[in-house]
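The chain contents come next:
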Amino acid sequence: MEKIEIQGLYGKSTVLVGERIENAGKYLPKTKVFIITDENVKACHSVKFPQFPTYCVEPGEGSKSLETAGELYYWLLEMGANRNSFILGIGGGMVCDLAGFVASTFMRGVDFGFVATSLLTQVDASVGGKNGLNISGYKNIVGTFNQPKFVICDIHLLSTLPQKEYLNGFAEIVKHTLIADAEMFEFVEENIDALKIYNPSLLEQLVTHSAKIKAAIVQADELEKGERKKLNLGHTWGHAVEKVTGLSHGESVSVGLEFSARLSSKKGLITNNEYWRIVNLLIALNLPICVKNNPAEIYDAMVMDKKKNGDSIDFILMRGIGDVIVERIGLDKIKEFAEHG
Ligand SMILES: NC(=O)c1ccc[n+]([C@@H]2O[C@H](COP(=O)([O-])OP(=O)(O)OC[C@H]3O[C@@H](n4cnc5c(N)ncnc54)[C@H](O)[C@@H]3O)[C@@H](O)[C@H]2O)c1
Ligand SMILES: [Zn+2]
């Protein structure tokens, strides 16, 4: 088992890669614990859950909402939760975001932890203490920065993930390699066939590596004033794709990565060869690299996004493979590029 620690402003967070859900009790306090999960995760794994009151939400991005959070606050009150209670989110990125948000706001904040059950959340969403909800499909418009006490990344839980959800996790893995690790990019390129099949020991390496990259960046800039913005690679465009098309988060990030690679190539920051290596890797992972929708529609959704800054936006561009830069780009330039290349 690998332990990765993040010292946050309000306390320490420990990511436990390779720990088993059956051992969750070791990390839970003696106070009242409440579990939040979704129906798919419950159906596959509830026999292994620790025995505590459990609220099960509908699977899907629609549950990452203030409405569901409201239902959870009522449930917690009815169940006698108080400021010393502990919330355990067991699920993918949706459940982690929802549980982290509810825990961070219920009675001005109670402690919480996660059992991360999807590849995407083990390598990314559960790590780093960003807890966001969507408003009318716009992504993570309300949220908090608040670290979970622990994150259990039990690799065995991934065996029940549908293949499509499994591959979604690779969009964030590829993102992390593009941000910080050219060697790991090559490793994924070279081992693509083995990686596409559930293989616990390979996965443990990959989750450890990816979670370490994210944890190091979060440690350097927990509140996203500078360095952490790099983790938005593929997301500025990707979140707008997600809003407009309803594609999954991983798929939308993949489309966003292609957009960023194409723009970086146009600006001479990556070579044509590097552009094609990135695109071919995404295709080999069965991830989409483009959508049929009108780019103007996606652009409009992007402009509604919270990350804009007056009439410009902090865009993350690739500088070769394994390095990125944050560049402030005029919205008119992005519009022009989106519509005409
Ligand atoms: N907070 C952050 O820093 C951060 C970072 C990246 C992504 N995110 C968020 O994470 C979400 C995407 O996460 P996701 O891809 O895990 O989505 P998800 O939580 O919706 O899970 C995807 C699907 O897999 C199912 N599932 C999860 N674990 C399973 C298992 N072990 N067996 C069978 N089915 C399982 C879920 O029920 C769901 O249907 C998005 O909302 C995204 O915005 C947040
Ligand atoms: Zn993401």
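Structure first, text after, so check above.
Residues numbered from 1 in each chain as written. Chains lettered and ligands numbered in written order. Predicted model: local features only at pLDDT ≥ 70, side-chain atom pairs only at ≥ 80, totals over all residues.

(A) Examining the pairing of strand S9 (residues 150–153) more closely. Side chains of S9 alternate between two faces, with Phe150 and Ile152 and Val151 and Cys153 buried alike. By the bridge criterion, four bridges tie strand S2 (residues 11–17) to S9 in an arrangement that is parallel. The partner of leucine 16 across the bridge, within S9, is isoleucine 152. (Buried ≥ 20, exposed ≤ 12 C-beta atoms within 10 Å, placed from the backbone. Helix = DSSP H or I, 4+ residues; strand = E, 2+ residues; numbered from the N terminus. Pairing = 2+ DSSP bridges.)

(B) Main features of the sheet that holds strand S10 (residues 308–309). Read across the sheet, three strands follow the order S10-S11-S12 without closing on themselves; strand pairing throughout is antiparallel. What marks the edges here is a single partner per strand, and that holds for S10 and strand S12 (324–330). Bridging between S10 and strand S11 (residues 312–318) involves two bridges; their strand directions are antiparallel. Bridge assignment links lysine 308 to a residue of S11, and that residue is isoleucine 313.

(C) Molecular detail of the site of ligand 1. The full set close to ligand 1 counts 30 residues, and Asn40, Gly92, Gly93, Met94 and Ser118 are the nearest of them. Listing elements by their share of the shell around ligand 1, those giving two or more residues are helix H1 (39–45), helix H3 (93–105), helix H4 (119–125), strand S7 (130–135), helix H5 (163–180) and helix H10 (249–266). Taken together, the residues that form the shell around ligand 1 break down as nine nonpolar, 13 polar and eight charged. Looking at the shell around ligand 1, you find at least three residues from each of domain 1 (2–160) and domain 2 (163–197 + 233–340). (Near = placed C-beta within 6 Å. Nonpolar A, V, L, I, M, F, W, Y, C, P; charged D, E, K, R; others polar. Domains from an automatic or database assignment.)

(D) Expanded view of the nonpolar core. Judged by nonpolar contacts, the single largest core of 91 residues is most densely connected at Ile87, Leu98, Ala99, Val102, Val151, Ile152 and Cys153. The residues that make up this core include at least three from each of domain 1 (2–160) and domain 2 (163–197 + 233–340). With residues up to four places along the chain from it excluded, the contact list for cysteine 153 reads Val15, Leu16, Val17, Ala116, Gln122, Val207 and Ala211. (Core = buried A, V, L, I, M, F, W, Y, C linked by C-beta atoms within 7 Å. Contact = placed C-beta atoms within 7 Å.)

(E) Representation of the packing of H5 against helix H6 (residues 182–190) in the model. One way to put it is that H5 packs onto H6 with a least axis distance of 7 Å and a crossing angle of 140 degrees. Judged by the angle between their axes, H5 and H6 are oblique. The way H5 lies across H6 gives a crossing that is left-handed. Of the residues in H6, those touching H5 at Ile173, Val174, Thr177 and Leu178 are Met184, Phe185 and Val188. (Axes fitted to C-alpha atoms, helices over the stretch in contact; angles between N-to-C directions. Parallel < 35°, antiparallel > 145°, perpendicular 65-115°, else oblique. Left-handed = near helix turned anticlockwise from the far one by under 90°.)

(F) Spotlight on the sheet that holds strand S1 (residues 2–8). Read across the open sheet, the seven strands follow the order S1-S2-S9-S6-S5-S3-S4; overall the sheet is mixed. A strand with exactly one partner marks an edge of an open sheet, and here the two such strands are S1 and strand S4 (54–57). Shown here is a sheet whose adjacent strand axes are inclined to one another by a mean of 15 degrees, direction ignored. Helix-sheet contacts for helix H8 (residues 200–220) involve S1, S2 and S9, and the interaxial angle to S1 is about 15 degrees.

(G) A look at unusual backbone geometry. Positive phi values are uncommon outside glycine, yet methionine 107 reaches one of about 50 degrees. The exposure class of methionine 107 is partly exposed, given the 14 C-beta atoms found within 10 Å. Phi at serine 136 is positive, roughly 45 degrees, even though this residue is not glycine. Assignment of secondary structure puts serine 136 in the loop between S7 and strand S8 (138–145).

(H) Summary view of H8. Over its 21 residues, H8 runs 30 Å from end to end, which matches the ideal 30 Å to within 8%, given 1.5 Å per residue. Within H8 the residues assigned to the buried category are Leu203, Leu206, Val207, Thr208, His209, Ser210, Ala211, Ile213, Lys214, Ile217 and Val218. Of the surrounding elements, those touching the buried residues of H8 are S1, S2, H4, S9, H5 and H6. (Expected span 1.5 Å × (residues − 1).)

(I) Region of interest: the packing of helix H12 (residues 295–304) against helix H13 (residues 331–340). Contact pair H12 / H13: the axes reach a minimum separation of 9 Å and the direction vectors enclose 155 degrees. Relative to H13, the element H12 is oriented roughly antiparallel. In the packing of H12 onto H13, the handedness of the crossing is right-handed. Facing Pro295, Ala296, Ile298, Tyr299 and Val303 of H12, the residues of H13 in contact are Leu331, Ile334, Lys335, Ala338 and Glu339. Its residues placed into classes, the contact of H12 with H13 shows eight nonpolar, no polar and two charged.

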